[in-house]
Amino acid sequence: MLELYQFEFSPYCEKVRLILDYKGLDYQKIEVTPGVGQVEIYRISGQKQLPVLKDGSTIVADSTEIALYLDRKYPEKPILPSDPVARSQCLIWEEWADSTLAKKSRLPILDYIKSDAGMRSALLPSQTPDVVKTLLNSLPSEVFEFLGSGIGISKEVISKANKNLRDTLDNLNTILVYKPYLVGDSLSLADLTVAALTIGIKSPPGDYLDIPAQLKNRGIPGIADDPTYENFFRWRDQIYLNYRKPLTTSRASTSPSSIEIE
Ligand SMILES: N[C@@H](CCC(=O)N[C@@H](CS)C(=O)NCC(=O)O)C(=O)O
């Protein structure tokens, strides 16, 4: 079976999970412990970031490489258009989402996480002892405010980043009012990437992510709940409804294991 070395709340890992589900491929998730677990990832893939896919003796790192690999190796339900122009447009959208959309989302998400205790503990590896989670939850958000300002994130910078992200969501929202797919007339890697890369802005409402229930269908206040982007999130959630497989086990029973790679 395919094995996906991952972080549960990583948008790049989510992109690969969405592609795997879309293609109907079975896979096993292996949650990697940040830091120590990544040493082994470096050993097997020559770099330390996740996702990494293991398919028999083949190891593929980087969500784009994994997407291309999966479409080559498992061509049923293709995610890349066969028309060369559409294919190039699709890859340009994908690259835009992986870089620009991800970058525009980063600060607004960080700001949201640091002011939300539930969110902070949700992003810790599931095997983090409860005592550490409780301690982190009990810290007032001013502590995180202070840490934030220590690395130069002022309120003005955050508000500019929020405005930037809003402008981008506005554009996506408008495009999707007029057409159901970002490229051509069928679902492609472009749609799957944009859908997955926005889970941190607002998590999808269903039971897809191994995060506490109270964080589902929630996101950056003032953006996730703004009706201006309703069309975009309806489009995104429909992709989830159509293609993403819901979790089959609860958070408690899928706690991460340390990685084992022969
Ligand atoms: N270009 C990579 C980016 C992957 C990436 O940034 N992964 C993050 C998780 S969201 C990561 O592994 N961060 C840990 C680190 O950089 O050490 C891809 O598309 O897979």
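My aim in this report is to walk through the structure given alongside it, one point at a time. This structure is a prediction, so every number in the text was calculated from the model and none was measured.

1. A closer look at the packing of aromatic side chains
In step 1: For the structure shown, the criterion picks out five aromatic pairs.
In step 2: Pairing Trp93 with Trp96 gives two aromatic rings, centres 5.5 Å apart and planes at 90°, and the pair type is edge-to-face. With Trp93 and Trp96 both in helix H4 (residues 84-114) and three residues apart, the pair spans about one turn of that helix.
In step 3: Exposure remark for Trp93: the relative accessible area of 19% places this residue in the buried category.

2. Things to note about the sheet that holds strand E1 (residues 2-6)
In step 1: Ordered by their spatial adjacency, four strands build an open sheet running E2-E1-E3-E4, and the pairing between neighbours is mixed. The open sheet has two free edges, formed respectively by strand E2 (27-31) and strand E4 (58-61), since each of these has just one partner strand. The sheet shows a mean angle of 20° between the axes of neighbouring strands, taken without regard to direction.
In step 2: In terms of strand pairing, E1 meets strand E3 (residues 52-55) through three bridges, oriented antiparallel. The residue of E3 that forms the bridge with Tyr5 is Val52.
In step 3: Along the sheet face, helix H3 (residues 63-73) touches E1, E3 and E4 and points at about 135° away from the line of E4.

3. Things to note about the pattern of salt bridges
In step 1: For the structure on display, the rule yields 17 salt bridges.
In step 2: Residue Lys54 pairs with Glu3 through a salt bridge whose shortest N-O separation is 3.9 Å. With Lys54 in strand E3 and Glu3 in strand E1, the pair connects residues that are 51 residues apart, well separated along the chain.
In step 3: According to the relative accessible area criterion, Lys54 is buried, its value standing at 9%.
In step 4: Glu14 serves as the salt-bridge partner of Arg244, at 2.8 Å between the closest nitrogen and oxygen.

4. What to know about the pairing of E4
Looking along a regular strand, one sees the side chains alternate between the two faces of the sheet.
In step 1: Here E3 runs beside E4; their pairing, made up of four bridges, is antiparallel. Bridge pairing links Val52 to Ala61 in E4.
In step 2: Turn length for the E3-E4 hairpin, with the two strands adjacent in sequence and antiparallel, is two residues, and the turn residue Gly56 shows positive phi of about 65°.

5. A short note on the site of the ligand
In step 1: The environment of the ligand is formed by Phe7, Ser10, Tyr12, Gln38, Lys48, Gln49, Leu50, Pro51, Asp62 and Ser63.
In step 2: In the environment of the ligand, a nitrogen atom lies 2.8 Å from a nitrogen or oxygen atom belonging to the backbone of Leu50.
In step 3: Asp62 places a polar side-chain atom, nitrogen or oxygen, 3.0 Å from a nitrogen atom of the ligand.
In step 4: In isolation the ligand exposes 510 Å². Once the protein is present, 73% of that is buried.

6. Some thoughts on helix H1 (residues 11-23)
Helical periodicity: at 3.6 residues per turn, an α-helix aligns residues three or four positions apart in one direction.
In step 1: Helix length check: H1, at 13 residues, gives a terminal C-alpha distance of 18 Å against a target of 18 Å (1.5 Å per residue), a fit within 8%.
In step 2: Within the sequence span of H1, burial applies to Cys13, Glu14, Lys15, Val16, Arg17, Leu18, Ile19, Leu20, Asp21, Tyr22 and Lys23.
In step 3: Where H1 is buried, its residues touch E1, E2, H3, H4, helix H9 (189-197) and helix H10 (230-243).
In step 4: Among the residues of H1, the N-terminal cap falls to Ser10, whose side-chain oxygen and the backbone nitrogen of Tyr12 are separated by 3.2 Å.
In step 5: At the exit of H1 stands Gly24, carrying a positive phi of roughly 70°.

7. Looking at unusual backbone geometry
In step 1: Residue Pro51 is bonded to the preceding Leu50 through a cis peptide linkage, with omega at 15°.
In step 2: Mapped onto the fold, Pro51 is located in the loop between helix H2 (36-45) and E3.
In step 3: Positive phi is not limited to glycine here, since Asp62 has a value of about 85°.
In step 4: Mapped onto the elements, Asp62 comes out in the loop between E4 and H3.
In step 5: For Asp62, a relative accessible area of 40% translates into the label partly exposed.
In step 6: Although it is not a glycine, Lys77 sits at a positive phi angle of roughly 55°.
In step 7: Looking at the secondary structure, you find Lys77 in the loop between H3 and H4.
In step 8: Of the residues examined, Lys77 reaches a relative accessible area of 36% and is grouped as partly exposed.

Cut-offs applied
- Each chain carries its own residue numbering, running from 1 in the direction its sequence is written.
- For a predicted model such as this one, the threshold for reporting local features is a pLDDT of at least 70, and the threshold for listing and counting side-chain atom pairs is 80 or more; totals across whole chains, interfaces and linings nevertheless cover every residue.
- Excluded from the side-chain calculations are hydrogens and water; all other atoms, namely the structure's heavy atoms, are used.
- In summary, the pairing rule links any two rings of Phe, Tyr or Trp, Trp by its six-membered ring, whose centres are within 6.5 Å, and it sorts them by plane angle into stacked for under 30 degrees, edge-to-face for over 60 and tilted for everything else.
- A run of DSSP states H or I qualifies as a helix once it reaches four residues; a run of E qualifies as a strand once it reaches two. Both are numbered from the N-terminal end.
- A 1.4 Å probe rolled over the protein chains alone gives each residue an accessible area, and that area as a share of the maximum for its type sets the label: buried under 20%, exposed over 50%, partly exposed in between.
- What makes two strands pair is DSSP finding at least two bridges between them.
- A fitted line through C-alpha atoms serves as each axis, taken over the contacting stretch for helices, and the angle formed by two N-to-C directions is quoted from 0 to 180°.
- A contact between two residues is defined here by any heavy atoms of the two lying within 4.5 Å.
- Put simply, a salt bridge is a Lys or Arg side-chain nitrogen that is within 4 Å of an Asp or Glu carboxyl oxygen.
- Neighbouring residues are identified by heavy atoms, a residue being near a molecule or strand if any of them is within 4 Å of it.
- Throughout this description, a polar contact denotes any pair of N or O atoms lying within 3.5 Å of each other; where both atoms belong to protein, one of them has to be capable of donating a hydrogen while the other can accept it, and for residues adjacent in sequence the pair is counted only when both atoms sit in side chains.
- All accessibility values rest on the Shrake-Rupley procedure with a 1.4 Å probe; residue burial counts only the protein chains present in the view.
- Helices are assigned an expected span. That span is 1.5 Å times one less than the residue count.

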